[in-house]
Amino acid sequence: MSEIIRRDPRAEWIARNRLHPLHAALQSQNQTVWIGPNGIVRKNPHAIAAGFIGPAGIKRIDRSGAQQGTGTRRSASVEVQLPLHVVEQPAYYVAVVPDMVGGRLSSHDKDLLGLARRLAGSEGAVLAVVFGEHKESAFDSAGVDRLLLLDGEQYQGYAPEQRVLALRAVDNQFAPRHWLLPDSRTGGGELGRRLAASLGERPATRVWQAEGERCVGRAGAGQQDIQRPLARLILAAAECAEPVSETRHEALPVELAWQVAHNLPRIEDLGPVAVDPAQIPMAEAEFILSGGNGVKDWELFHRAASALGATEGASRVAVDDGHMPRSRQVGATGTWVTARVYLAVGISGAIQHLQGIGACDKVVAVNLDPGCDMIKRADLSVIGDSSAILQALIERVAAWRQEGRRDAA
């Protein structure tokens, strides 16, 4: 039985008339076809095309129409797997000890693994040494060929002497050509210097470039560069190399051949001590709540920073308007920050400000303008009124803390 299709002549007339106010509504962005001005069915060039992941991990637009059902060509795969780099019998190892703050690879750690990948070349293998439990699931895409997990109570908390003993055992078994640690305040800088003293190595510190047989490190408060022969133990700065993005790696688990001896600790870890976030220099703060021109209630902003336990920062406009002192200005003309979390409230994102937060791990933006540069930079964006969102944050944090006290009781 044939199907009779009745067409609405008014709708057809609107579809042909591009000046009609309802014309755009009939030509939906999500439609793959549309009716042209002469009543001819055409492919909609403005339709949202399906995408796929290219070999470099970048999302591409599929213009063939195969994934929309409108084309004749077939896409080989919706998602292209990165090529697997395999090192069956490594000629040598490059050992990396990432900070793993929060149990995950930070951007600094990934830069370090990118440098290790370059030093390992095609014949060497990157060996990552991780202490304690972790939440990371992307060691393979970060460039790790071999993964050594060292877990146990003796490695928990602040235990640099015990960790150096374990790294000495790694050195004896794998004899790495190079040791790489992040020159950071979160453990890598101190652990690397302790390891260097234990191995009798002269470390290259604050290294930001390593090519061939030489490396370059920063000195003189970052104002000078020191070039020296490529050291066996390297403490590298953030952005020392591009992270691995073009290949996958095996991340095969390995173990130590013998048990690490227990160290008699000369240091007792008394646990974390509460510190007033307002007393932490912004360059050293790990959680920053920063306000800009979009903040209308600064008293509420201060209460939110106190509730969140965040160090306060500000944009240049907020400082110029007298809402915050000059010492709290973030950006190329203020303080360059390296926070793990940077929460920007009402900041549009001038180029100088974006430069100053370039080394932050996670950026959260609260703004009314979904098209501003800070929203584009952010890892997480919240579009809405700053006062309402700050008030909601205060209430949620208070409820969470009250729930924690209730559970403890």
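Being a predicted model, the structure only gives us computed values, none of them experimental.

*Asks:* I'm lost on the side chain of aspartate 111 in this one. Help?
*Replies:* Within the fold, aspartate 111 resides in helix H3 (residues 107-120). One buried charged residue, aspartate 111, forms no salt bridge at all, with the nearest opposite charge on lysine 110 at 8.9 Å. Excluding residues within four positions of it along the chain, aspartate 111 makes contact with Ala238, Glu239, Cys240, Ala241 and Pro243.

*Asks:* Any chance you could explain the pattern of salt bridges here in plain terms?
*Replies:* When the charged atoms of two side chains with opposite charge come close together, those side chains can pair. On inspection of all chains with the given rule, the structure shows 12 salt bridges. The salt bridge partner of arginine 193 is aspartate 183, with a shortest N-O separation of 3.0 Å. Of this pair, arginine 193 sits in helix H6 (residues 188-199) while aspartate 183 sits in the loop between strand E9 (178-182) and H6; the two residues are 10 residues apart in sequence, bridging distant segments of the chain. According to the relative accessible area criterion, arginine 193 is partly exposed, its value standing at 38%. A relative accessible area of 19% places aspartate 183 in the buried class. Residue aspartate 379 pairs with arginine 377 through a salt bridge whose shortest N-O separation is 3.9 Å. Note on aspartate 379: relative accessible area 48%, which makes it partly exposed. Residues joined in a network through salt bridges with shared partners are Asp171, Glu201 and Arg232.

*Asks:* How should I be thinking about the layout of surface pockets in this particular structure?
*Replies:* With a probe scaled to a water molecule rolled over the atoms, the places where space remains empty come into view. In this structure, the second largest pocket occupies an estimated 370 Å³ of space. Every residue lining the second largest pocket is counted, 13 residues in all, and those nearest its centre are Leu105, Ser106, Ser107, Asp361 and Lys362. In the lining of the second largest pocket, the residues fall into 2 nonpolar, 3 polar and 8 charged.

*Asks:* For this particular structure, what's the right way to read the packing of aromatic side chains?
*Replies:* For any pair of aromatic rings, the description rests on two quantities: the centre-to-centre distance and the angle between the ring planes. The final tally for this structure, using the stated rule, is 3 aromatic pairs. Taking the centre distance of 5.3 Å and the plane angle of 80 degrees together, the rings of tyrosine 93 and phenylalanine 174 count as edge-to-face. Of the two residues, tyrosine 93 sits in strand E6 (residues 93-96) while phenylalanine 174 sits in helix H5 (residues 160-174), which places them 81 residues apart along the sequence. Grouping residues by exposure puts tyrosine 93 and phenylalanine 174 together as buried. Look at tryptophan 298 and phenylalanine 301: their rings are 5.0 Å apart centre to centre, the planes differ by 65 degrees, and that puts the pair in the edge-to-face class. Remark: phenylalanine 301 and tryptophan 298 occur in helix H7 (residues 298-308); sequence separation between them is 3 residues, near one turn of the helix. Using a relative accessible area of 10% as the deciding quantity, one classes tryptophan 298 as buried. Its end group placed over the ring of tyrosine 92, arginine 177 keeps NZ or CZ at 3.6 Å from the ring centre.

*Asks:* Hey, could you run me through the sheet that holds strand E10 (residues 204-211) in this one?
*Replies:* Strand pairs in the sheet, formed through backbone hydrogen bonds, run parallel or antiparallel to each other. Taken together, the 9 strands give an open sheet; going across it, the order is E12-E11-E10-E13-E9-E6-E7-E8-E15, and neighbouring strands pair in mixed fashion. Across the chains shown, the open sheet's two edge strands, defined by having one partner strand only, are strand E12 (224-229) and strand E15 (252-254). Pairs of neighbouring strands in the sheet enclose a mean axial angle of 35 degrees, with direction left out of account. Relative to strand E11 (residues 214-219), E10 is paired through 4 bridges, and the arrangement is antiparallel. Bridge pairing in E11 places valine 207 opposite glycine 217. Contacts from H3 reach E6, strand E7 (125-131), E9, E10 and strand E13 (233-236), with the element oriented near 165 degrees to E9. The strands touched by H5 within the sheet are E6, E7, strand E8 (146-150), E9 and E15, with E7 carrying the most contacts at an inclination of about 155 degrees.

*Asks:* Please explain unusual backbone geometry as it appears in this structure.
*Replies:* For arginine 206, which is not glycine, the phi dihedral falls at a positive 50 degrees. Looking at where arginine 206 falls in the secondary structure, it is placed in strand E10. Even without a glycine there, the phi angle at alanine 251 is positive, about 50 degrees. The class of alanine 251 is buried, set by a relative accessible area of 17%.

*Asks:* I'm lost on the environment of isoleucine 267 in this one. Help?
*Replies:* Looking at where isoleucine 267 falls in the secondary structure, it is placed in the loop between E15 and strand E16 (287-291). Separated by 106 residues in sequence, isoleucine 267 and glutamate 161 place their C-alpha atoms 8.6 Å apart. Excluding its chain neighbours within four sequence positions, the residues that come into contact with isoleucine 267 are Tyr158, Pro160, Glu161 and Arg194.

*Asks:* I tried to follow the sheet that holds strand E19 (residues 362-367) on my own but got confused; where do I start?
*Replies:* With parallel pairing, 5 strands are arranged side by side in an open sheet as E17-E16-E18-E19-E20. The open sheet has two edge strands, strand E17 (311-314) and strand E20 (380-383), and neither has a second partner. Within this sheet the neighbouring strands show an average axis-to-axis angle of 20 degrees, counted without direction. Looking at chain direction, E16 and strand E18 (residues 341-345) are connected through 5 bridges and run parallel. Following the sheet pairing, glycine 291 is matched in E18 by valine 345. Relative to the sheet, H7 contacts E16, E17 and E18, its axis offset from that of E16 by approximately 175 degrees.

What counts, and where the lines are drawn
Residues numbered from 1 in each chain as written. Predicted model: local features only at pLDDT ≥ 70, side-chain atom pairs only at ≥ 80, totals over all residues. Heavy atoms only, no water. Helix = DSSP H or I, 4+ residues; strand = E, 2+ residues; numbered from the N terminus. Buried < 20%, exposed > 50% of the residue type's maximum accessible area, 1.4 Å probe, protein only. Lys, Arg positive; Asp, Glu negative; His and termini not counted. Salt bridge = Lys/Arg side-chain N within 4 Å of Asp/Glu carboxyl O. Contact = heavy atoms within 4.5 Å. 1 Å grid on protein atoms, 1.4 Å probe; cavity = no way out; pocket = protein on both sides within 12 Å on 5 of 7 lines; lining within 4 Å. Points joined across faces, edges and corners; volume = space filled by probe spheres on them. Nonpolar A, V, L, I, M, F, W, Y, C, P; charged D, E, K, R; others polar. Phe/Tyr/Trp six-rings, centres within 6.5 Å; stacked < 30°, edge-to-face > 60°. Lys NZ or Arg CZ within 6 Å of the ring centre and 35° of its normal. Pairing = 2+ DSSP bridges. Axes fitted to C-alpha atoms, helices over the stretch in contact; angles between N-to-C directions.

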